[in-house]
Amino acid sequence: MTKVGILGGGQLGRMLLESAAKFKVETYVLENQENSPARQFCDHFLLGDIKDYDTVYAFGKKLDCITIEIEQVCVEALEKLEEEGVTVIPKPSVLKMISNKISQKEYYQQHFIPTPDFYITHTREELNTLIDFLPAVHKVGLGGYDGKGVELLYDINDIQKGFDTPAVLEKMTEIKHEIAVQIAVDQAKNIAIFPPVEMVFDPTLNLLDFQICPARLSPSVQKKAIEIATKLVNSFQSPGLFAVELFIDQSAKIWVNETAPRVHNSGHHSIEAIATSQFEMLWQILLQEPLGPTHVLKPSIMVNIIGAPNYLGTAKLEGADLISDQDTFIHWYGKETTRPGRKMGHVTRLSINPERATETAHLLKNSIRCLSDTKENKGSFV
Ligand code: ADP
């Protein structure tokens with residue numbers, strides 16, 4: 001049986017492992033947290049640091065194939081494993097380029113992929129020389145996620161919010177739509193393209209508010225977005241599942257924001273709403289099986305269940321018992337403790353009316369919530 005390892009054991013790993021039951025595979029997870037969401041779903045769990053060279057190398061050495069569910073891993077160990085014959089998906093060189101926003105932006109520029117103009121900064125001080133470039137978005141090179149490590153700088157008064165570490169200062173785009181296109185590339189270079197999805201962001205949290213599929217775009221914009229995402233993914237020359245996030249601006253221009261070389265939050269709806277889920281698709285890539293179809297089964301909305309403000313401690317799902325329709329699917333990630341803003345699960349609703357998407361999403365978010373027994377006055381999201 002093929003031995004496949006996953007670096008990281010969060011909710012993405014958990015859902016990947018849930019769908020592993022359909023495949024002939026022996027699964028291994030390396031993760032630094034003992035009570036991680038993926039633990040109970042894998043065949044073998046190893047507690048260890050995914051950023052440590054020796055740990056990752058020793059973990060990968062006994063595997064046929066290795067993949068990731070988070071970018072912040074020891075790429076050097078993956079490079080060594082690839083050299084020694086382990087199949088690493090995505091290729092470590094692509095992972096290395098993507099895992100730092102600075103090299104990622106430079107890559108887009110070098111490959112003529114449309115992306116907002118940018119400068120690279122190393123200190124906060126440097127921002128003072130770039131006042132004329134504002135409004136812009138400052139993004140840390142390494143370690144940012146879910147809007148953390150991203151600051152909007154409108155004018156000189158915002159400079160103190162900037163980062164004092166290597167970062168990208170990117171021209172602020174007047175965004176009309178944010179979309180994501182997931183593209184699968186198998187080991188024989190066949191590709192499968194998922195229908196573009198639209199992501200609506202919460203402006204205060206900088207976190208996904210809801211996702212809708214298919215994206216509400218004109219066919220020509222949709223076609224262009226797919227073309228750009230495909231050109232980018234083809235340039236990687238690597239098997240893998242890639243989620244390309246794009247902005248559509250007010251004049252319908254399309255810009256690549258960033259790419260995730262793994263299963264992604266923007267693809268969770270695919271479990272119920274698409275002919276092949278993103279998780280099945282990744283197994284098909286890893287195990288060299290034919291890529292499945294990607295057509296929409298039913299239009300859908302997906303909302304994240306995130307830890308409610310002020311609630312810290314043992315997590316409690318509220319409202320799930322009130323859902324009785326056949327079109328709503330609740331996924332609970334099994335995290336023991338909640339904190340404000342933490343991703344605890346998600347809900348997918350099928351057969352939606354796209355014109356009432358916001359209303360439906362807010363109804364779901366208000367009825368299904370993650371609380372805890374104790375409420376503390378912890379103010380805003382942490
Ligand atoms: P993360 O990797 O943490 O998700 P992103 O780079 O995707 O960070 O930025 C988070 C959000 O910030 C985006 O989804 C978008 O809403 C906003 N944003 C990022 N870059 C720009 C930009 N150039 N112009 C306007 N808004 C942006």
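As a reminder, the structure under discussion sits directly above these lines.
This report concerns the structure included in the present document. (Residues numbered from 1 in each chain as written. Predicted model: local features only at pLDDT ≥ 70, side-chain atom pairs only at ≥ 80, totals over all residues. Heavy atoms only, no water.)

1. A look at the sheet that holds strand β1 (residues 2-7)
Logical step 1: Strand order in the open sheet formed by five strands is β3-β2-β1-β4-β5, with parallel pairing between adjacent strands. In this open sheet, the two strands that pair with only one neighbour each are β3 (44-47) and β5 (87-88).
Logical step 2: Examined bridge by bridge, β1 and strand β4 (residues 65-68) share four bridges and lie parallel to one another. Its bridge partner lying in β4, I6 is registered against T67.
Logical step 3: Sheet strands in contact with helix α2 (residues 53-61) are β1, β2 (25-31), β3 and β4, and its direction is about 175 degrees off that of β2.
Logical step 4: Where helix α8 (residues 278-286) meets the sheet, its contacts fall on β1, β2 and β4, and the angle it forms with β4 comes to roughly 150 degrees. (Pairing = 2+ DSSP bridges. Helix = DSSP H or I, 4+ residues; strand = E, 2+ residues; numbered from the N terminus. Contact = heavy atoms within 4.5 Å. Axes fitted to C-alpha atoms, helices over the stretch in contact; angles between N-to-C directions.)

2. Things to note about the site of the ligand
Logical step 1: Lining the immediate surroundings of the ligand are 19 residues, of which G147, E170, T173, E178 and E258 lie closest.
Logical step 2: Within the backbone of K171, one N or O atom sits 3.0 Å away from a nitrogen atom of the ligand.
Logical step 3: E258 places a polar side-chain atom, nitrogen or oxygen, 2.8 Å from an oxygen atom of the ligand.
Logical step 4: When residues of the shell around the ligand are traced back to their parent elements, those giving at least two are β7 (136-140), β9 (167-171), β10 (175-185), β14 (240-249) and β15 (254-260).
Logical step 5: Here the residues of the shell around the ligand sort into seven nonpolar, four polar and eight charged. (Near = heavy atom within 4 Å. Polar contact = N/O pair within 3.5 Å; in protein donor to acceptor, adjacent residues only side chain to side chain. Nonpolar A, V, L, I, M, F, W, Y, C, P; charged D, E, K, R; others polar.)

3. Comments concerning the nonpolar core
Logical step 1: In terms of nonpolar packing, the biggest core is built from 35 residues, with V4, V25, L241, L282, W283, L286 and L287 touching the most fellow members.
Logical step 2: At the level of elements, β1, α1 (11-18), β2, β10, β12 (197-202), β13 (207-213) and α8 are the ones that each hand at least two residues to this core.
Logical step 3: The element that contributes the greatest number of residues to this core is α8, accounting for six residues.
Logical step 4: In contact with L241, other than residues within four places in its own chain, are Q182, I183, A184, F194, A260, P261, R262, V263, Q278, M281, L282 and I285.
Logical step 5: By size, the runner-up hydrophobic cluster in this structure holds 25 residues, among which are V94, Y107, I179 and L217. (Core = buried A, V, L, I, M, F, W, Y, C linked by side-chain atoms within 4.5 Å. Buried < 20%, exposed > 50% of the residue type's maximum accessible area, 1.4 Å probe, protein only.)

4. So, the pattern of salt bridges
Logical step 1: All told, the structure shown has 18 salt bridges when counted by the stated rule.
Logical step 2: R262 is paired through a salt bridge with E71; the nearest N and O atoms lie 2.8 Å apart. With R262 in the loop between β15 and α7 (270-273) and E71 in the loop between β4 and α3 (75-83), the pair connects residues that are 191 residues apart, well separated along the chain. Like R262, the residue E71 is buried in the burial classification.
Logical step 3: Residue E198 is joined to R216 by a salt bridge in which the shortest nitrogen-to-oxygen separation is 2.8 Å. (Salt bridge = Lys/Arg side-chain N within 4 Å of Asp/Glu carboxyl O.)

5. Observations concerning the packing of aromatic side chains
Logical step 1: Counting across every chain of the model gives five aromatic pairs.
Logical step 2: Judged by centre distance (5.6 Å) and plane angle (45 degrees), the ring pair of Y107 and F236 falls under tilted. Residue Y107 is found in helix α5 (residues 101-110), and its partner F236 is found in helix α6 (residues 219-236); the two are separated by 129 residues along the sequence.
Logical step 3: Note on F236 and F242: the rings are 5.1 Å apart at their centroids and 50 degrees apart in plane angle, and the pair reads as tilted. Taken individually, F236 and F242 each receive the classification buried, so the pair is uniform in this respect.
Logical step 4: The structure contains a cluster of three or more aromatic residues connected by ring pairs, namely Y107, F236 and F242.
Logical step 5: A cation over a ring is seen here: K171 above F133, with NZ or CZ 4.7 Å from the ring centre. (Phe/Tyr/Trp six-rings, centres within 6.5 Å; stacked < 30°, edge-to-face > 60°. Lys NZ or Arg CZ within 6 Å of the ring centre and 35° of its normal.)

6. A short note on the side chain of S36
Logical step 1: One can find S36 in the loop between β2 and β3.
Logical step 2: Of note is the side chain of S36, whose polar atom sits 3.3 Å from the backbone oxygen of G9.
Logical step 3: In this view, S36 contacts G9, E31 and F45; residues no more than four positions away in its chain are not counted.

7. Considering helix α9 (residues 357-367)
Logical step 1: Taken as a whole, α9 has its buried residues at A357, T360, A361 and L364. Buried residues along α9 cover an arc of 100 degrees about the axis, so they all sit on one side. Turned more than 90 degrees off the buried face of α9, the exposed positions are L363 and N366. (Arc of directions from axis to C-beta.)

8. Comments concerning the packing of α2 against α3
Logical step 1: Where α2 contacts α3, the axes come no closer than 8 Å and their chain directions differ by 35 degrees. Crossing of α2 against α3: the hand is right-handed. Across the interface between the two elements, Y53, V56, Y57, G60 and K61 of α2 pack against E76, A77, L78, K80 and L81 of α3. (Left-handed = near helix turned anticlockwise from the far one by under 90°.)

The analysis is restricted to geometry; functional conclusions fall outside its scope.
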